[in-house]
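Here is how the chains run, residue by residue.
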Amino acid sequence: MPAEVSSASPSSPALTERQEARRRRILHASAQLASRGGFDAVQMREVAESSQVALGTLYRYFPSKVHLLVATMQAQLEHMHGTLRKKPPQGATAAERVAETLMRAFRALQREPHLADAMVRALTFADRSVSPEVDQVSRQTTMIILNAMGLEDPTPQQLSAVRVIEHTWHSALITWLSGRASIAQVKIDIETVCRLIDLTAPEEPARRR
């Protein structure tokens, strides 16, 4: 599943075309190494060599392996989002569409368990210095969920439900990767939490008689 798609953080200066191409190569190398051997296989020197950039240049883009792997997760989610837009979920309700979307994303990660483990471990290890990258992951996940819901202007209650769904999906990834939950259990948990969408839907005004 490794993808080369990514974008700079909204708070960072815009990258030139050459810098963006270099950043994509770095993220692609990171995903390839993680796919083969997980978190421990992603060594900054090897990433630099594989992406054909100087080690010092790599550290200017990503100060640590955790920064790099969280950014890699954002890139993978962006790639998933593009795939989902080409083939939208078919559920009859917003809750069904979100559950279908998240399970499709989960199965994509399931096909690359070493990569999934590396990215989730990086998120778990992330401290405040990695906040911009973590925020990008959260924003991308929120966009995926809102698109599946068919919403452009969610209410505060709906956004709260989306946050709970995000937390549950992340927790489900961790429990599955640690062998404490089956795919069937993950599916049940995701479908259950997605019912919050129905509970937070704005009520339609009563019709006048």
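This is a predicted model, so every value here is computed, not measured.

How each quantity is defined
- Starting afresh in each chain, residues are numbered from 1 along the sequence in its written order.
- Local features are withheld for residues below a pLDDT of 70 in this predicted model, meaning they are given only at 70 or higher, and side-chain atom pairs are given and counted only at 80 or more; totals for whole chains, interfaces and linings count all residues.
- To obtain the side-chain values, all non-hydrogen atoms of the structure were used and water was disregarded.
- Note on conventions: DSSP H or I runs of at least 4 residues are helices, E runs of at least 2 residues are strands, and numbering of each starts at the N terminus.
- A radius of gyration in this sense is built from C-alpha atoms; the matching globule rule multiplies 2.2 Å by the number of residues raised to 0.38.
- The buried label applies to any residue whose accessible area, calculated with a 1.4 Å probe on protein chains only, is under 20% of its type's maximum; exposed applies above 50%, and partly exposed to all values in between.
- Residue contacts are defined here by distance: any two heavy atoms, one from each residue, within 4.5 Å place the two residues in contact.
- Accessible areas in this description were obtained via Shrake-Rupley with a 1.4 Å probe; residue shielding takes into account the shown protein chains only.
- Counting rule applied: Lys, Arg positive; Asp, Glu negative; His and chain ends not counted.
- Lys charges are placed at NZ, Arg charges at CZ, Asp charges at CG and Glu charges at CD.
- Working definition of a nonpolar core: buried Ala, Val, Leu, Ile, Met, Phe, Trp, Tyr and Cys residues. They are joined through side-chain atoms within 4.5 Å.
- Note: pLDDT gives the predictor's confidence per residue, expressed from 0 to 100.

Considering the overall build of the chain
Thought 1: Scanning the chain for helices and strands turns up 10 helices and zero strands.
Thought 2: In the chain, the succession of helices and strands from N to C terminus is α-α-α-α-α-α-α-α-α-α.
Thought 3: Relative to a compact globule of 209 residues, whose C-alpha radius of gyration would be 17 Å, the chain shows 18 Å and is just as compact.
Thought 4: Taking the principal axes of the C-alpha coordinates as reference, the chain spans close to 70 × 40 × 30 Å.
Thought 5: Here the chain holds 209 residues, and 45% of them are scored as buried.
Thought 6: In the chain, once contacts between residues fewer than 6 apart in sequence are set aside, the share between residues at least 24 apart is 73%.
Thought 7: Roughly 11500 Å² of accessible area belongs to the chain as shown, and the carbon and sulfur atoms make up 51% of that amount.
Thought 8: Across the chain, the 26 positively charged side chains and the 22 negatively charged ones have centroids separated by 2 Å.

Quick word on the nonpolar core
Thought 1: Counting 61 residues, the largest nonpolar core has Val98, Trp169 and Cys194 as the members making the most contacts within it.
Thought 2: Residues within four places of tryptophan 169 in sequence aside, it is in contact with Leu77, Leu102, Ala105, Phe106, Leu109, Thr141 and Ile190.

Side note on unusual backbone geometry
Thought 1: We note that glutamine 52 has phi near 60°; this positive angle belongs to a residue other than glycine.
Thought 2: Tracing the chain through its elements places glutamine 52 in the loop between helix H2 (44-51) and helix H3 (55-61).

Notes on the confidence of the model for the chain
Thought 1: In the predicted model, the chain carries a mean pLDDT of 89, and 90% of its residues have values of at least 70.
Thought 2: Ranking the helices and strands of the chain by mean pLDDT puts H2 first, with 97, and helix H10 (residues 196-199) last, with 91.
Thought 3: Of the regions scoring below 50 in pLDDT, residues 1-11 engages in 40 contacts with residues more than four places distant in sequence or in other chains.
Thought 4: Segment residues 205-209: pLDDT under 50, and zero contacts once partners within four positions in sequence are set aside and those in other chains are kept.

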